[in-house]
Amino acid sequence: MEKVITQKHRGRRSLTLLTLFAACMICLAAGPPAVAQDPSPEARGLEIALEARKRGEGFGNLVSQLTMVLRTAKGQESTRQMRLKTFEVANAGDKTLFVFDQPRDVSGTAFLVHSHRDKPDDLWIFLPALNRVKRISSSNQSGSFMGSEFAYEDITTQEIEKFTHKYLRDEPCGDLTCTVSERTPRGEDSGYSRQLVWHDKKEYRPWRVEYYDRRNELLKTLTVADYELHLNRYWYAGKQTMVNHLTGKSTVLKASDVQLKADLNERDFTRTGLRRAR
Amino acid sequence: MARRPVPRRAKLAVAGIAALGIATLGITTGASGESLIDSHEISGSVTVENRWFPKTAANAEQKDFGVNLIAAPELYLESADGTSLTLEGFYRYDSSDSVRSHADLRKAYLLLVGQIEDQEWELRLGVDRVFWGVAESRHLVDIVNQTDLVENPSEEVKLGQPMAHLTLSGEWGAAELFALPYHRPRTFPGRHGRLRSAFVVDNDRVMYESGAEEWHFDVAARYSHSVGLFDVGLSVFDGTSREPNLQPAFPLCALDPGACVLVPLYEQIRQYGLDAQMTYEAWLLKLEAIRRMGARNALGEEEDYTAFVAGGEYTFYAVFDTDIDLGLLAEWNRDSRQMRAPNIFQNDIFAAVRLAFNDFASTDLLVGILEDVDTRSRSFNAQFNRRLSDSLTLNVEATFFHNIAADDAAYATRRDNFVNIGLTYSF
């Protein structure tokens, strides 16, 4: 943990001394839990995020079929289909590959994301019409993913190190009890000022996320449903619904044919691998 | 220097490769008769296009309007061990220019992948398309495939190229080796077509510098790597040039100027290439540069030269409180031969605006201008794409030439402003 945060300091030029100090306070507080009888909200928030990550770790890699249904306020619908492949990298950012099947005109188009904990992600796109692999900017974190209500930053791996965390309260969520934490993006690329996340206290699964825009107004709400247990250990959400409160538009993202510890090879998550992704 | 017509041989070669593909398919099916094919996919597109030239042509025989039909089917087969076969065909019918009506085998290759310790290897055998480079206004370093020029004067569309393509990659980057046993001549518009030179290029009479003609064994290699903000590629090509030197067929010209044609001459060249991109926040900074030896200039003299295209792109995300991304592009093309360069890019500035609407229909618009710094000749290009349904897309492209100087390489096309409207059904 300390190492990660130290690397982060090196990678970020815009951090002021004060933020550095604050970040180190968090990492100290998160250290040996015995020190703090009643941990600070920041320490508790980080603890929840770390626990949630820990429980998701070790899945090796993942293959899933994704269907996105985009809906306008007037009820117009459009469907996107893609395959998702994620390769877990121990103690570093994951590698993710999206290959599009629908709409047919973008069939074969693929994205490769190398997530990083200490610097902006690397992002490449493969355009089958020209057989061209193109490195693209990952600074458009708040941009729409394929015209949906999900932004790139909502879809790609949310590395804990890219936020500061703060525990707010416990409250019931359905039949469960949830912790409500606030996470604030550290980078300037994010379209959000903050997010509120509901994790259940039993399994640390996220159930609801509220996204506040840069003016600190509630922009979007994500509700997560249909969790399924895989390999007796990993909870994977079958349905995620993102509602945009400003536009009335919504997107439902459904996962099917989920396979964890899939037989994937890291070589498929390179620029040359991207060329043959399909 | 060898000189003779190449009538149907290219087509024979393509047919041969297709046969090879089908044979491979037979092998993949296995001796036991049990299918080894784990999955297959049939896809492709059909397009209806209208291309209209509002100005009357420079030559009376050139047509103003063409109705086009394009089919591009694709078949993909994969065996359980990950070996795959890709077949992609292409056919265009153009009512205005019989030469532009053409078929091509875009892809027909067997793909094998494996691993040796930490290194990955990938082998592609057959016909494929390869893209090198980063720039938008011109694909300077990109040399493996021949340009399918009748498709679009932008030189962006390529013909399939027979090759053996080996890639080795690891933490250190990727090294690629290409064996290119066969040369495909560039497609030029016919007598009735627009966007052509003043004299028609005779596609059936091709000359080669090498005695081996189109069977000269060309080789190429590329090393590329991505480190932090930088993606860099270094390449070398040795063999038959993809860009011909156009030679007037003099005896015919003297007898009858109307029958005068240009004959493409393909020389033996060597080209070193560099392409690099730096991706920093919303900036993309790009450079492509080549050094080419052995090619003739516009005066017909052999002249070694250096050329580059340098520039970049900056994107403003979510402008005017909408979902629209606005990109600004600028690139400078330069050629050390200056006015002796046989193409239009001797000293040209490209500037463009790209709008990505990020809507349901994936609407995007690119409007650009290419201005010759020396001659002040200008061309404007606009491209608009919009999805109409899950399988139907609309593409509109317009190009306008303005103030084309008599000494500019684009002079013959000065009256060839065009609007192209296409409707594509993808399956």
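Positions within a chain are numbered from 1, following the residues in the order the chain's sequence is written. For this description, chains carry letters from A and ligands carry numbers from 1, given in the order in which they are written. Totals for whole chains, interfaces and linings use all residues, but because this is a predicted model, local features are given only for residues with pLDDT of at least 70 and pairs of side-chain atoms are given and counted only at 80 or more.

Draft legend 1. Expanded view of the overall build of chain A. Only DSSP runs of H or I reaching four residues or more are called helices, and only runs of E reaching two or more are called strands; each is numbered from the N terminus. Helix and strand counts for chain A come out as five helices and 13 strands. Residues counted as buried form 34% of the 278 residues belonging to chain A. Residues are scored as being in contact if the C-beta atoms we place from backbone atoms lie within 7 Å. Considering only residue pairs separated by 6 or more positions, chain A has 42% of its internal contacts joining residues 24 or more positions apart. Working definition of burial: number of other C-beta atoms within 10 Å of the residue's own, with buried at 20 or more, exposed at 12 or fewer, and partly exposed in between, all C-beta atoms being placed from the backbone.

Draft legend 2. Spotlight on the overall build of chain B. Assigned secondary structure in chain B consists of two helices and 23 strands. Atoms counted for the radius of gyration: C-alpha only. Globule rule: 2.2 Å times residue count to the power 0.38. Compactness check: chain B gives a C-alpha radius of gyration of 22 Å against a globular reference of 22 Å for 427 residues, within 12% of the reference. On the principal axes, the C-alpha backbone points of chain B span a range of 65 × 60 × 40 Å. Counting all 427 residues of chain B, 39% fall into the buried class.

Draft legend 3. Structural context of the interface of chain B and chain A. With 36 residues of chain B at the interface, the matching set in chain A holds 25 residues. Of all the elements in the fold, those that place two or more residues in the side of chain B that touches chain A are strand S5 (102-116), strand S6 (119-128), strand S7 (161-170), strand S15 (268-280) and strand S23 (418-426) of chain B. Lys, Arg, Asp and Glu make up the charged group, whereas Ala, Val, Leu, Ile, Met, Phe, Trp, Tyr, Cys and Pro make up the nonpolar group; the residues left over, Gly among them, are polar. Looking at the side of chain B that touches chain A residue by residue, the classes come out as 11 nonpolar, 14 polar and 11 charged.

Draft legend 4. Fine view of the nonpolar core. Think of a nonpolar core as buried Ala, Val, Leu, Ile, Met, Phe, Trp, Tyr and Cys residues, each tied to the set through C-beta atoms within 7 Å. Ranked by size, the top nonpolar core spans 27 residues in total, and within it Phe98(A), Ala110(A), Phe111(A), Leu112(A), Phe145(A) and Phe150(A) carry the most contacts. Contributions of two or more residues to this core are made by strand S1 (61-71), strand S3 (95-102), strand S4 (110-114), strand S5 (122-127), helix H4 (152-155) and strand S13 (250-260) of chain A. Among the elements that take part in this core, S4(A) stands out by supplying four residues, more than any other. Excluding residues within four positions of it along the chain, Phe150(A) makes contact with Phe145(A), Ile155(A), Met242(A), Thr251(A) and Leu253(A). The next biggest cluster of nonpolar side chains, apart from the first, holds 17 residues, and it includes Val130(B), Ala135(B), Leu180(B) and Ala220(B).

Draft legend 5. Summary view of the pairing of S1(A). Residue and element names in this part refer to chain A. Should DSSP find at least two bridges between two strands, the strands are taken to pair. Pairing between S1 and strand S2 (residues 77-87): 11 bridges, direction antiparallel. Among the inter-strand pairings, Ser64 is bridged to a residue of S2, identified as Leu84. Counting the residues in the hairpin turn of S1 and S2 gives five residues, including Gly75, whose phi is positive at 95°. For S1 and S13, the ladder comprises nine bridges, and the chain directions are antiparallel. Among the inter-strand pairings, Arg71 is bridged to a residue of S13, identified as Ser250.

Draft legend 6. Inspection of the environment of Thr363(B) at higher detail. Residues and elements named next belong to chain B. In this fold, Thr363 is placed in the loop between strand S19 (347-356) and strand S20 (364-372). Residue classification places Thr363 among the partly exposed residues on the basis of 17 C-beta atoms within 10 Å. As a C-alpha pair, Thr363 and Gly422 span 59 residues in sequence and 15 Å in three-dimensional space. Beyond its immediate sequence surroundings of up to four residues, Thr363 is in contact with Phe357 and Arg386.

Draft legend 7. Layout of unusual backbone geometry. Cis geometry is adopted by the peptide bond preceding Pro103(A), which originates at Gln102(A) and carries an omega value of 0°. With respect to the helices, strands and loops of the structure, Pro103(A) is situated in the loop between S3 and S4. The backbone of Tyr204(A) shows a phi angle near 60°, a positive value even though the residue is not glycine. Within the secondary structure, Tyr204(A) is located in the loop between strand S9 (192-200) and strand S10 (206-213). Taking the C-beta count within 10 Å as the criterion, Tyr204(A) has 18 such neighbours and is therefore assigned partly exposed. You will see that Leu195(B), though not glycine, has its phi angle at about 55°, which is positive.

Draft legend 8. The domain arrangement of chain A, seen in detail. Residues and elements named next belong to chain A. For the domains described, the bounds stem from an automatic or database domain assignment. Once the domains are mapped, chain A shows domain 1 (2-55) and domain 2 (56-275). Taken together, the contact pairs 18 residues of domain 1 with 18 residues of domain 2. Going through the elements one at a time, helix H1 (2-11) and helix H3 (41-56) are the ones with two or more residues in the side of domain 1 that touches domain 2. With 13 residues, H3 is the largest single contributor of residues to the side of domain 1 that touches domain 2. Across the side of domain 1 that touches domain 2, the residue classes tally to eight nonpolar, three polar and seven charged.

Draft legend 9. Structural view of the pairing of strand S11 (residues 218-227) of chain B. Residue and element names in this part refer to chain B. Alternating residues of S11 divide into Asp218, Ala220, Arg222, Ser224 and Ser226, all buried, and Val219, Ala221, Tyr223, His225 and Val227, none buried. For strand S8 (residues 173-180) and S11, the ladder comprises seven bridges, and the chain directions are antiparallel. For Ala174, the partnering residue across the bridge sits in S11 and is Ser224. Pairing geometry for S11 and strand S12 (residues 230-240), over nine bridges, is antiparallel. Across the sheet, residue Arg222 finds its bridge partner in S12, namely Ser235. Where S11 folds back on S12, the antiparallel hairpin that results is connected by two residues, among which Gly228 adopts a positive phi of roughly 55°.

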